[in-house]
Amino acid sequence: MVLFLVGLGLADEQDITLKGLRAVQSCDKVYLESYTSILFVGDFKARMESLYGKEVTLAHRETVELEADDILLNAYKGNVAFLVVGDPLSATTHADLIMRARSFQAPDSDSVTPVEVRIIHNASITTALGSSGLAGYNFGQTISVPFWTEGWRPDSWLERIGENMGLGLHTLCLSDIKVREQSIEDMSRGIVRYQPPRYMLIPQLIRQLLAAAKEHKVDYLNPDRTLAIALCRMGAESEGDRRGELIVAGTLTELLSYTEPTPEQIAQDEKDDDAYEEENPTASEKEMDERREARAVRRAIEFWGEPLHTLILVGSRLHPMEVAYGQCLARPGSRWAEVAEQVYGCRA
(Lines give C-alpha, C1' and ligand atoms only; values in the text may rest on other atoms or scores of the structure.)
Protein backbone atom coordinates (compact mmCIF):
# COMPACT_ATOMS: atom_id res chain seq x y z
CA MET A 1 0.00 0.00 0.00
CA VAL A 2 1.69 3.15 -1.25
CA LEU A 3 1.12 6.89 -1.42
CA PHE A 4 2.63 8.03 -4.72
CA LEU A 5 3.52 11.71 -5.04
CA VAL A 6 3.63 12.14 -8.78
CA GLY A 7 4.92 15.17 -10.66
CA LEU A 8 2.88 16.02 -13.76
CA GLY A 9 5.42 18.28 -15.43
CA LEU A 10 4.85 21.75 -16.80
CA ALA A 11 2.00 21.99 -19.26
CA ASP A 12 -0.60 19.26 -19.78
CA GLU A 13 -1.59 15.67 -19.03
CA GLN A 14 0.96 14.28 -21.50
CA ASP A 15 3.94 15.62 -19.54
CA ILE A 16 3.66 12.87 -16.94
CA THR A 17 6.61 10.45 -16.94
CA LEU A 18 6.17 6.83 -17.94
CA LYS A 19 7.01 5.80 -14.37
CA GLY A 20 4.40 8.24 -13.08
CA LEU A 21 1.75 6.98 -15.48
CA ARG A 22 2.30 3.38 -14.42
CA ALA A 23 2.06 4.39 -10.76
CA VAL A 24 -1.23 6.22 -11.36
CA GLN A 25 -2.69 3.26 -13.21
CA SER A 26 -1.89 1.03 -10.22
CA CYS A 27 -3.88 3.20 -7.81
CA ASP A 28 -7.34 2.85 -6.33
CA LYS A 29 -7.66 6.59 -5.72
CA VAL A 30 -6.15 9.53 -7.62
CA TYR A 31 -6.03 13.10 -6.27
CA LEU A 32 -4.97 16.20 -8.21
CA GLU A 33 -3.58 19.01 -6.07
CA SER A 34 -5.27 22.07 -7.55
CA TYR A 35 -4.07 25.19 -5.76
CA THR A 36 -0.29 25.70 -6.09
CA SER A 37 -0.19 25.55 -9.90
CA ILE A 38 -2.32 24.84 -12.97
CA LEU A 39 -2.13 22.91 -16.21
CA PHE A 40 -2.36 24.95 -19.40
CA VAL A 41 -5.45 23.27 -20.87
CA GLY A 42 -9.03 24.09 -19.97
CA ASP A 43 -10.45 20.56 -19.87
CA PHE A 44 -7.47 19.10 -18.02
CA LYS A 45 -9.49 16.83 -15.69
CA ALA A 46 -11.31 15.06 -18.52
CA ARG A 47 -8.09 14.79 -20.53
CA MET A 48 -6.23 13.30 -17.58
CA GLU A 49 -8.98 10.77 -16.89
CA SER A 50 -9.02 9.75 -20.56
CA LEU A 51 -5.25 9.23 -20.75
CA TYR A 52 -4.69 7.75 -17.29
CA GLY A 53 -7.82 5.58 -17.24
CA LYS A 54 -8.64 6.69 -13.69
CA GLU A 55 -11.16 9.02 -12.07
CA VAL A 56 -9.38 12.13 -10.78
CA THR A 57 -10.49 13.90 -7.59
CA LEU A 58 -9.58 17.58 -7.26
CA ALA A 59 -7.83 18.25 -3.97
CA HIS A 60 -8.17 21.86 -2.88
CA ARG A 61 -6.08 23.46 -0.16
CA GLU A 62 -8.55 22.58 2.58
CA THR A 63 -8.67 18.98 1.34
CA VAL A 64 -4.92 18.56 1.64
CA GLU A 65 -4.36 20.54 4.80
CA LEU A 66 -7.49 19.58 6.75
CA GLU A 67 -8.34 16.15 5.38
CA ALA A 68 -4.87 14.64 5.03
CA ASP A 69 -5.81 11.74 7.32
CA ASP A 70 -8.48 10.64 4.83
CA ILE A 71 -5.91 10.60 2.01
CA LEU A 72 -3.49 8.63 4.17
CA LEU A 73 -6.17 6.19 5.30
CA ASN A 74 -6.91 5.43 1.64
CA ALA A 75 -3.17 4.92 1.08
CA TYR A 76 -3.04 2.62 4.12
CA LYS A 77 -5.72 0.43 2.54
CA GLY A 78 -4.53 0.62 -1.10
CA ASN A 79 -2.42 2.55 -3.57
CA VAL A 80 -3.13 6.29 -3.82
CA ALA A 81 -1.69 8.83 -6.26
CA PHE A 82 -1.33 12.48 -5.29
CA LEU A 83 -0.68 14.41 -8.51
CA VAL A 84 1.14 17.75 -8.48
CA VAL A 85 1.71 20.09 -11.43
CA GLY A 86 5.46 20.48 -11.91
CA ASP A 87 7.51 18.60 -9.33
CA PRO A 88 5.71 17.08 -6.31
CA LEU A 89 8.03 18.65 -3.74
CA SER A 90 7.92 22.24 -4.96
CA ALA A 91 5.53 23.26 -2.16
CA THR A 92 5.98 22.78 1.60
CA THR A 93 2.43 21.47 1.91
CA HIS A 94 3.47 18.30 0.16
CA ALA A 95 6.46 17.79 2.43
CA ASP A 96 4.01 18.03 5.32
CA LEU A 97 1.95 15.24 3.76
CA ILE A 98 5.04 13.03 3.65
CA MET A 99 5.78 13.66 7.32
CA ARG A 100 2.20 12.87 8.23
CA ALA A 101 2.47 9.60 6.30
CA ARG A 102 5.56 8.60 8.29
CA SER A 103 3.76 9.16 11.59
CA PHE A 104 0.35 7.85 10.50
CA GLN A 105 -1.57 5.67 12.93
CA ALA A 106 -4.33 3.52 11.48
CA PRO A 107 -7.71 3.49 13.30
CA ASP A 108 -7.32 -0.22 14.00
CA SER A 109 -3.79 0.08 15.44
CA ASP A 110 -2.43 1.13 18.83
CA SER A 111 0.91 2.27 17.39
CA VAL A 112 2.34 4.22 14.49
CA THR A 113 1.71 2.45 11.17
CA PRO A 114 3.67 4.47 8.58
CA VAL A 115 2.32 4.72 5.05
CA GLU A 116 4.96 4.04 2.41
CA VAL A 117 5.64 7.09 0.23
CA ARG A 118 7.21 7.01 -3.22
CA ILE A 119 8.12 10.24 -4.96
CA ILE A 120 8.16 10.44 -8.75
CA HIS A 121 9.83 13.67 -9.83
CA ASN A 122 9.18 15.70 -12.97
CA ALA A 123 10.04 19.00 -14.65
CA SER A 124 9.10 22.27 -12.94
CA ILE A 125 9.68 25.97 -13.51
CA THR A 126 13.06 25.64 -11.79
CA THR A 127 14.18 23.10 -14.39
CA ALA A 128 12.80 25.19 -17.27
CA LEU A 129 15.00 28.17 -16.43
CA GLY A 130 17.53 27.11 -19.05
CA SER A 131 15.15 28.44 -21.70
CA SER A 132 16.01 31.93 -20.46
CA GLY A 133 19.62 31.44 -21.54
CA LEU A 134 20.80 32.14 -17.98
CA ALA A 135 23.07 29.66 -16.23
CA GLY A 136 21.29 27.71 -13.52
CA TYR A 137 24.23 27.88 -11.11
CA ASN A 138 24.01 31.68 -11.09
CA PHE A 139 20.58 31.78 -9.44
CA GLY A 140 20.10 32.83 -5.85
CA GLN A 141 17.05 32.55 -3.59
CA THR A 142 13.67 32.13 -5.26
CA ILE A 143 10.92 34.48 -4.11
CA SER A 144 7.12 34.38 -4.26
CA VAL A 145 5.26 37.67 -4.71
CA PRO A 146 1.69 37.63 -3.32
CA PHE A 147 -1.09 39.93 -4.45
CA TRP A 148 -1.29 43.05 -2.31
CA THR A 149 -4.58 44.15 -0.83
CA GLU A 150 -5.67 47.45 0.64
CA GLY A 151 -4.65 46.38 4.13
CA TRP A 152 -1.96 43.79 3.45
CA ARG A 153 1.24 44.59 1.56
CA PRO A 154 3.88 41.97 2.42
CA ASP A 155 7.29 42.74 0.93
CA SER A 156 9.81 40.64 2.86
CA TRP A 157 10.83 39.20 -0.52
CA LEU A 158 12.45 42.54 -1.40
CA GLU A 159 15.30 41.86 1.02
CA ARG A 160 15.89 38.46 -0.62
CA ILE A 161 16.21 40.19 -4.00
CA GLY A 162 18.73 42.58 -2.47
CA GLU A 163 20.79 39.70 -1.10
CA ASN A 164 20.82 38.02 -4.50
CA MET A 165 21.69 41.25 -6.27
CA GLY A 166 24.52 41.89 -3.81
CA LEU A 167 26.05 38.56 -4.82
CA GLY A 168 25.42 39.16 -8.51
CA LEU A 169 22.90 36.30 -8.66
CA HIS A 170 19.73 36.01 -10.71
CA THR A 171 16.37 35.92 -8.90
CA LEU A 172 13.42 33.75 -9.90
CA CYS A 173 10.20 35.60 -9.01
CA LEU A 174 7.12 33.39 -8.76
CA SER A 175 3.77 35.11 -9.26
CA ASP A 176 0.81 34.63 -6.95
CA ILE A 177 -2.12 32.27 -7.54
CA LYS A 178 -5.46 32.80 -5.82
CA VAL A 179 -7.82 29.82 -6.08
CA ARG A 180 -10.94 29.32 -3.93
CA GLU A 181 -10.16 32.43 -1.90
CA GLN A 182 -12.82 34.15 0.19
CA SER A 183 -13.19 37.88 0.66
CA ILE A 184 -12.63 39.34 4.13
CA GLU A 185 -16.22 40.63 4.09
CA ASP A 186 -17.67 37.17 3.43
CA MET A 187 -15.47 35.51 6.04
CA SER A 188 -16.44 38.08 8.67
CA ARG A 189 -20.11 37.33 7.96
CA GLY A 190 -19.63 33.57 7.93
CA ILE A 191 -20.55 33.33 4.23
CA VAL A 192 -18.82 30.52 2.32
CA ARG A 193 -18.39 32.05 -1.12
CA TYR A 194 -15.26 31.79 -3.27
CA GLN A 195 -13.84 34.58 -5.37
CA PRO A 196 -13.02 33.98 -9.06
CA PRO A 197 -9.50 32.60 -9.58
CA ARG A 198 -6.76 35.21 -9.97
CA TYR A 199 -3.30 34.75 -11.43
CA MET A 200 -0.65 37.44 -11.20
CA LEU A 201 0.54 38.59 -14.62
CA ILE A 202 3.88 40.07 -15.66
CA PRO A 203 2.80 43.77 -15.43
CA GLN A 204 1.24 43.25 -11.98
CA LEU A 205 4.36 41.46 -10.77
CA ILE A 206 6.75 44.14 -12.02
CA ARG A 207 4.64 46.99 -10.62
CA GLN A 208 4.65 45.42 -7.15
CA LEU A 209 8.42 44.92 -7.33
CA LEU A 210 8.95 48.55 -8.26
CA ALA A 211 6.43 49.85 -5.71
CA ALA A 212 8.20 48.00 -2.89
CA ALA A 213 11.60 49.21 -4.10
CA LYS A 214 10.37 52.81 -4.17
CA GLU A 215 8.73 52.57 -0.75
CA HIS A 216 11.90 51.20 0.86
CA LYS A 217 14.22 53.45 -1.19
CA VAL A 218 16.54 50.59 -2.16
CA ASP A 219 19.40 51.16 -4.59
CA TYR A 220 18.51 48.26 -6.86
CA LEU A 221 15.58 47.52 -9.17
CA ASN A 222 15.99 50.71 -11.18
CA PRO A 223 13.47 49.98 -13.97
CA ASP A 224 15.68 51.40 -16.74
CA ARG A 225 18.87 49.72 -15.52
CA THR A 226 17.57 46.31 -14.43
CA LEU A 227 17.43 43.48 -16.95
CA ALA A 228 14.74 40.84 -16.66
CA ILE A 229 13.32 37.89 -18.56
CA ALA A 230 9.60 37.05 -18.57
CA LEU A 231 8.63 33.39 -18.85
CA CYS A 232 5.02 32.59 -19.73
CA ARG A 233 3.38 29.13 -19.87
CA MET A 234 6.67 27.24 -19.95
CA GLY A 235 6.41 23.94 -21.77
CA ALA A 236 3.01 24.72 -23.29
CA GLU A 237 2.25 24.39 -26.99
CA SER A 238 -0.22 26.47 -28.97
CA GLU A 239 -3.58 24.73 -29.09
CA GLY A 240 -6.77 26.26 -30.42
CA ASP A 241 -7.05 29.77 -29.01
CA ARG A 242 -4.47 29.08 -26.29
CA ARG A 243 -0.95 30.27 -26.88
CA GLY A 244 2.22 28.32 -26.28
CA GLU A 245 5.16 29.47 -24.21
CA LEU A 246 6.45 33.02 -24.55
CA ILE A 247 9.85 34.28 -23.38
CA VAL A 248 10.79 37.97 -23.62
CA ALA A 249 13.95 39.70 -22.39
CA GLY A 250 14.43 43.40 -21.73
CA THR A 251 14.62 46.05 -19.05
CA LEU A 252 11.80 46.24 -16.51
CA THR A 253 10.66 49.45 -18.19
CA GLU A 254 10.49 47.72 -21.56
CA LEU A 255 8.57 44.73 -20.24
CA LEU A 256 6.01 47.09 -18.72
CA SER A 257 5.75 49.20 -21.87
CA TYR A 258 4.39 46.34 -23.98
CA THR A 259 1.00 46.59 -22.28
CA GLU A 260 0.84 50.33 -21.60
CA PRO A 261 -2.28 51.90 -23.18
CA THR A 262 -1.85 54.37 -26.01
CA PRO A 263 -3.03 57.99 -25.57
CA GLU A 264 -6.06 57.10 -27.70
CA GLN A 265 -6.88 54.14 -25.48
CA ILE A 266 -6.51 56.26 -22.34
CA ALA A 267 -8.92 58.84 -23.75
CA GLN A 268 -11.42 56.11 -24.66
CA ASP A 269 -11.09 54.54 -21.20
CA GLU A 270 -11.86 57.85 -19.53
CA LYS A 271 -14.85 58.36 -21.81
CA ASP A 272 -16.13 54.87 -21.01
CA ASP A 273 -15.70 55.46 -17.27
CA ASP A 274 -17.57 58.77 -17.44
CA ALA A 275 -20.44 57.06 -19.28
CA TYR A 276 -20.51 54.25 -16.74
CA GLU A 277 -20.67 56.68 -13.80
CA GLU A 278 -23.52 58.56 -15.48
CA GLU A 279 -25.47 55.33 -15.86
CA ASN A 280 -24.47 54.16 -12.35
CA PRO A 281 -24.36 57.28 -10.13
CA THR A 282 -23.91 55.18 -6.98
CA ALA A 283 -20.81 53.41 -8.30
CA SER A 284 -18.09 53.41 -5.64
CA GLU A 285 -14.42 54.20 -6.15
CA LYS A 286 -13.67 50.55 -5.42
CA GLU A 287 -15.95 49.53 -8.28
CA MET A 288 -14.23 51.99 -10.62
CA ASP A 289 -10.81 50.68 -9.56
CA GLU A 290 -11.99 47.15 -10.38
CA ARG A 291 -13.02 48.32 -13.86
CA ARG A 292 -9.56 49.83 -14.42
CA GLU A 293 -7.85 46.70 -13.13
CA ALA A 294 -9.96 44.50 -15.42
CA ARG A 295 -8.86 46.61 -18.41
CA ALA A 296 -5.22 46.29 -17.38
CA VAL A 297 -5.59 42.51 -17.08
CA ARG A 298 -7.17 42.28 -20.55
CA ARG A 299 -4.30 44.25 -22.07
CA ALA A 300 -1.75 42.14 -20.23
CA ILE A 301 -3.28 38.94 -21.56
CA GLU A 302 -3.45 40.36 -25.09
CA PHE A 303 0.35 40.63 -25.13
CA TRP A 304 1.59 38.06 -22.62
CA GLY A 305 -1.19 35.49 -22.97
CA GLU A 306 -2.78 33.39 -20.24
CA PRO A 307 -1.01 32.47 -16.97
CA LEU A 308 1.20 31.16 -15.50
CA HIS A 309 3.72 34.02 -15.65
CA THR A 310 7.18 34.05 -14.06
CA LEU A 311 9.90 36.71 -14.01
CA ILE A 312 13.68 36.47 -13.69
CA LEU A 313 15.62 39.47 -12.40
CA VAL A 314 19.09 39.35 -13.91
CA GLY A 315 22.08 39.55 -11.57
CA SER A 316 25.44 41.12 -12.42
CA ARG A 317 27.28 37.81 -12.88
CA LEU A 318 26.51 37.82 -16.57
CA HIS A 319 28.47 35.75 -19.07
CA PRO A 320 28.81 36.93 -22.69
CA MET A 321 26.85 33.88 -23.80
CA GLU A 322 23.98 34.85 -21.50
CA VAL A 323 23.97 38.35 -22.97
CA ALA A 324 23.94 36.98 -26.52
CA TYR A 325 21.15 34.52 -25.73
CA GLY A 326 19.07 37.23 -24.06
CA GLN A 327 19.47 39.45 -27.08
CA CYS A 328 17.75 36.74 -29.14
CA LEU A 329 14.81 36.90 -26.71
CA ALA A 330 14.56 40.70 -26.72
CA ARG A 331 12.11 42.64 -28.87
CA PRO A 332 13.28 44.99 -31.66
CA GLY A 333 14.47 48.28 -30.18
CA SER A 334 15.27 46.74 -26.79
CA ARG A 335 18.21 48.16 -24.80
CA TRP A 336 19.12 44.68 -23.52
CA ALA A 337 22.66 44.60 -24.94
CA GLU A 338 23.29 48.27 -24.14
CA VAL A 339 22.29 47.90 -20.48
CA ALA A 340 24.19 44.62 -20.20
CA GLU A 341 27.37 46.40 -21.29
CA GLN A 342 26.95 49.78 -19.59
CA VAL A 343 25.35 48.69 -16.30
CA TYR A 344 26.32 45.04 -15.91
CA GLY A 345 29.75 45.38 -17.53
CA CYS A 346 29.28 42.49 -19.93
CA ARG A 347 28.96 42.35 -23.69
CA ALA A 348 28.19 39.48 -26.05
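Residues numbered from 1 in each chain as written. Predicted model: local features only at pLDDT ≥ 70, side-chain atom pairs only at ≥ 80, totals over all residues. Heavy atoms only, no water.

The chain goes by diphthine methyl ester synthase in an unreviewed UniProt entry, where it is assigned to Malassezia obtusa. Recorded under Pathway (unreviewed entry), the UniProt text for the chain is reproduced unchanged: "Protein modification; peptidyl-diphthamide biosynthesis." UniProt, in its Catalytic activity (unreviewed entry) section for the chain, records the words "2-[(3S)-amino-3-carboxypropyl]-L-histidyl-[translation elongation factor 2] + 4 S-adenosyl-L-methionine = diphthine methyl ester-[translation elongation factor 2] + 4 S-adenosyl-L-homocysteine + 3 H(+)". (UniProt positions renumbered as here; feature names shortened; annotations may be inferred.)

**A short note on the overall build of the chain**
The helix and strand inventory of the chain stands at 13 helices and twelve strands. Rg of the C-alpha trace for the chain: 23 Å, near the compact-globule value of 20 Å for 348 residues, within the 12% margin. Its C-alpha atoms put the chain at 70 × 60 × 40 Å along the principal axes. Expressed as a percentage of the 348 residues in the chain, the buried residues total 48%. (Helix = DSSP H or I, 4+ residues; strand = E, 2+ residues; numbered from the N terminus. Rg over C-alpha atoms; globule rule 2.2 N^0.38 Å. Buried < 20%, exposed > 50% of the residue type's maximum accessible area, 1.4 Å probe, protein only.)

**Let's talk about the sheet that holds strand 5 (residues 116-120)**
As a general point, the strands of a sheet are linked pairwise by backbone hydrogen bonds and lie either parallel or antiparallel. In space, the five strands of this open sheet follow the order 3-2-4-1-5, with parallel pairing throughout. Each edge of the open sheet carries a strand with a single partner, namely strand 3 (56-59) and strand 5. Taking each pair of neighbouring strands and ignoring which way they run, the sheet shows an average axis angle of 25°. Where strand 2 (residues 29-33) lies against strand 3, four bridges are found, and the strand directions are parallel. Paired with E33 across the bridge in strand 3 is A59. (Pairing = 2+ DSSP bridges. Axes fitted to C-alpha atoms, helices over the stretch in contact; angles between N-to-C directions.)

**Topic: a negative patch on the surface**
Residues E270, D272, D274, E277, E278 and E279 make up a contiguous surface patch of negative charge. Looking at the secondary structure, you find E279 in helix 10 (residues 263-279). E279 sits in the exposed class, given a relative accessible area of 66%. (Patch = residues over 30% accessible without salt bridge, like charges linked within 9 Å, V, L, I, M, F, W, Y side chains within 5 Å. Areas by Shrake-Rupley, 256 points an atom, 1.4 Å probe, with all protein chains shown as cover. Salt bridge = Lys/Arg side-chain N within 4 Å of Asp/Glu carboxyl O. Lys, Arg positive; Asp, Glu negative; His and termini not counted. Charge placed at Lys NZ, Arg CZ, Asp CG, Glu CD.)

**Description of the state of the cysteines**
Considering all chains together, one arrives at zero disulfides under this definition. With no disulfide of its own, C173 lies closest to C232 among cysteine sulfurs, the gap being 13 Å. With relative accessibility at 0%, the residue C173 sits in the buried group. (Disulfide = S-S within 2.5 Å.)

**Some remarks on the side chain of S132**
As for its placement among the helices and strands, S132 is situated in the loop between strand 5 and strand 6 (143-145). Looking at S132, its side chain comes within polar contact range of the main-chain oxygen of L129, at 2.6 Å. Beyond its immediate chain neighbours, meaning those up to four positions away, S132 contacts I229, L231, I312, Y325 and L329. (Polar contact = N/O pair within 3.5 Å; in protein donor to acceptor, adjacent residues only side chain to side chain. Contact = heavy atoms within 4.5 Å.)

**Here we look at the environment of Q14**
Following the sequence through the fold, Q14 ends up in the loop between strand 1 (2-7) and helix 1 (18-25). The class for Q14 is exposed, based on a relative accessible area of 57%. The residues contacting Q14, other than those within four sequence positions of it, are R47 and L51.

**Side note on the nonpolar core**
The biggest cluster of nonpolar side chains holds 31 residues, and the ones touching the most others in it are W157, I161, L209, L221, W304, L311 and L313. Counting only elements with at least two residues in this core, the list comes to strand 6, helix 6 (157-166), helix 8 (202-216), strand 10 (227-232), strand 11 (246-251), helix 9 (252-257), helix 11 (285-304) and strand 12 (309-313). Excluding residues that lie within four positions of it along the chain, W157 makes contacts with I143, S144, V145, P146, W148, Q208, L209 and A212. Of all hydrophobic cores here, the second largest spans 24 residues; its members include L227, I312, W336 and Y344. (Core = buried A, V, L, I, M, F, W, Y, C linked by side-chain atoms within 4.5 Å.)

**Some points on the sheet that holds strand 11**
Read from one edge to the other, the open sheet built from five strands follows the order 6-7-12-10-11, with strand pairing classed as mixed. Unpaired on one side and paired on the other, strand 6 and strand 11 mark the two borders of the sheet. Neighbour-to-neighbour, the strand axes of the sheet open up by a mean angle of 25°, direction not taken into account. Sheet topology places strand 10 next to strand 12; five bridges connect them, and they run antiparallel. Opposite L231, over in strand 12, you have T310 as the bridge partner. Seen against the sheet, helix 11 touches strand 10, strand 11 and strand 12 and runs at an angle of roughly 110° to strand 11.

**What about helix 12 (residues 320-329)?**
Side chains that are three or four residues apart share a direction in an α-helix, a result of its 3.6 residues per turn. Turning to helix 12, its buried residues number three or more, namely E322, V323, G326 and L329. Buried positions in helix 12, seen along its axis, are confined to an arc of 115° and lie on one side of it. Exposed side of helix 12, more than 90 degrees from the buried face: M321 and C328 are the residues found there. Tucked inside the fold, the buried residues of helix 12 contact strand 11 and helix 13 (336-342). (Arc of directions from axis to C-beta.)

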